[in-house]
Amino acid sequence: MAERTTVSTEDPFAPGDVVWQRISPRWATAQRVGGGIVFAVVVVVTAVLAVLLTPWIWLALVVVVPLWAWDFVWSGRQVKAWGYAERDDDLLVVKGIMFRSLVVVPYGRLQYVDVEAGPLDRRFGLAKVQLHTASSDSDAAIPGLSPEEAARLRDRLAARGEARLAGL
């Protein structure tokens, strides 16, 4: 008689008992602006090199323009893929469209929590929460949060981490 195994049909990247919090759609705009700045610099450098060296350098834009367009579209799709959920014992962070990732961070493993915001993030009213754990490979980040939500999450995670380390 063959042994029967049960296969879970639940998506490993979307546990059924979790309510996901999503990042702000403004994050896509910030990513697009950042990509546009990089694209503009590449176009200027290409133009200067084409004028000084050879017109053949303009062909570099045949590669750069589609890559920029792809990045522009992809940024909008990535927003829907980011999420986080607070559970009783851990924090879940999910991301990725093509290559999906689910990071489970137990509160007891948290060493410290950073809130970061670069110039573009501040311009668009965004912040990133960076989680640092006892293992260097398991650090997780949640970008695209409002500064208020980032501060709330930082304080809540730090308090839960301290409570777990204290054995409460």
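Residues numbered from 1 in each chain as written. Predicted model: local features only at pLDDT ≥ 70, side-chain atom pairs only at ≥ 80, totals over all residues. Heavy atoms only, no water.

1. Topic: the overall build of the protein
Going by this rule: Secondary structure elements are defined from DSSP: runs of H or I of at least 4 residues count as helices, runs of E of at least 2 residues count as strands, and each element is numbered from the N terminus. In this scheme, a residue with accessible area under 20% of its type's maximum is buried, one over 50% is exposed, and one in between is partly exposed, where area comes from a 1.4 Å probe on protein chains only. Two residues qualify as a contact provided that any one of their heavy atoms is within 4.5 Å of a heavy atom in the partner residue. Each accessible area is a Shrake-Rupley result for a 1.4 Å probe, and residues are judged covered by the shown protein chains and nothing else.
Counting secondary structure elements, the protein contains 4 helices and 7 strands. Each helix (α) and strand (β) of the protein, taken in turn from the N terminus, gives the series β-α-α-β-β-β-β-α-β-β-α. Here the protein, with 168 residues, has 30% of them falling under the buried criterion. Contacts in the protein between residues far apart in sequence, at least 24 positions, make up 52% of those at least 6 positions apart. On the protein, roughly 10,700 Å² of surface is accessible, and the fraction owed to carbon and sulfur atoms is 61%.

2. Considerations on the pairing of strand S6 (residues 127-133)
Put simply, the rule is: Here the rule is simple: two strands pair whenever DSSP picks up at least two bridges between them.
Within S6, 6 of the 7 residues are buried, which leaves the element mostly enclosed by the surrounding structure. In this sheet, S6 lies alongside strand S5 (residues 110-116) in antiparallel orientation, the contact comprising 6 bridges. For Asp-114, the partnering residue across the bridge sits in S6 and is Gln-130. Both S6 and strand S7 (residues 140-145) contribute to a ladder of 4 bridges, which runs antiparallel. Pairing of Leu-131 across the sheet is with Ala-140, part of S7.

3. Thoughts on the sheet that holds S6
This is how it is decided: Under this scheme, a helix contributes an axis fitted over its contacting stretch, all axes are lines through C-alpha atoms, and angles between N-to-C directions fall in the 0 to 180 degree range.
Read from one edge to the other, the open sheet built from 3 strands follows the order S5-S6-S7, with strand pairing classed as antiparallel. The open sheet is flanked by S5 and S7, the only strands paired with a single partner. Across the sheet, the mean angle separating the axes of adjacent strands is 15° when strand polarity is ignored.

4. Some remarks on the sheet that holds strand S1 (residues 21-22)
Strand order in the open sheet made by the 4 strands is S1-S2-S3-S4, with antiparallel pairing throughout. Of all the strands in the sheet, the pair left with one neighbour each is S1 and strand S4 (101-106). Summarising the sheet, strand S3 (residues 90-95) and S4 pair through 6 bridges and their orientation is antiparallel. Pairing of Asp-90 across the sheet is with Pro-106, part of S4.

5. Thoughts on the pairing of S3
The buried count for S3 comes to 5 of 6 residues, which makes it a mostly enclosed element. By the bridge criterion, 4 bridges tie strand S2 (residues 83-86) to S3 in an arrangement that is antiparallel. The partner of Tyr-84 across the bridge, within S3, is Val-93. In sequence, S3 turns back onto S4 through a hairpin of 5 residues, with Gly-96 there showing a positive phi of about 100°.

6. As for the confidence of the model for the protein
The predicted coordinates of low-pLDDT regions are not to be read in fine detail. Heads up, the rule is: A residue's pLDDT is simply how confident the predictor is in it, with values from 0 to 100.
With 90% of its residues at a pLDDT of 70 or more, the protein shows a mean pLDDT of 87. Mean pLDDT values over the elements of the protein span from 88, in helix H4 (residues 147-165), up to 95, in helix H3 (residues 119-123).

7. Comments concerning the packing of helix H1 (residues 26-52) against helix H2 (residues 60-81)
For clarity, the threshold we go by: The scheme is simple: roughly parallel for angles under 35 degrees, roughly antiparallel for over 145, roughly perpendicular for 65 to 115, oblique for anything else.
Direction vectors running N to C along H1 and H2 enclose 175°, while the axes themselves pass 8 Å from each other. Between H1 and H2, the angle falls in the class roughly antiparallel. For the pair formed by H1 and H2, the contact residues are Trp-27, Ala-28, Gln-31, Arg-32, Gly-35, Gly-36, Phe-39, Val-42, Val-43 and Thr-46 on the first element and Ala-60, Leu-61, Val-64, Val-65, Trp-68, Asp-71, Phe-72, Val-73, Ser-75, Gly-76, Gln-78 and Val-79 on the second.

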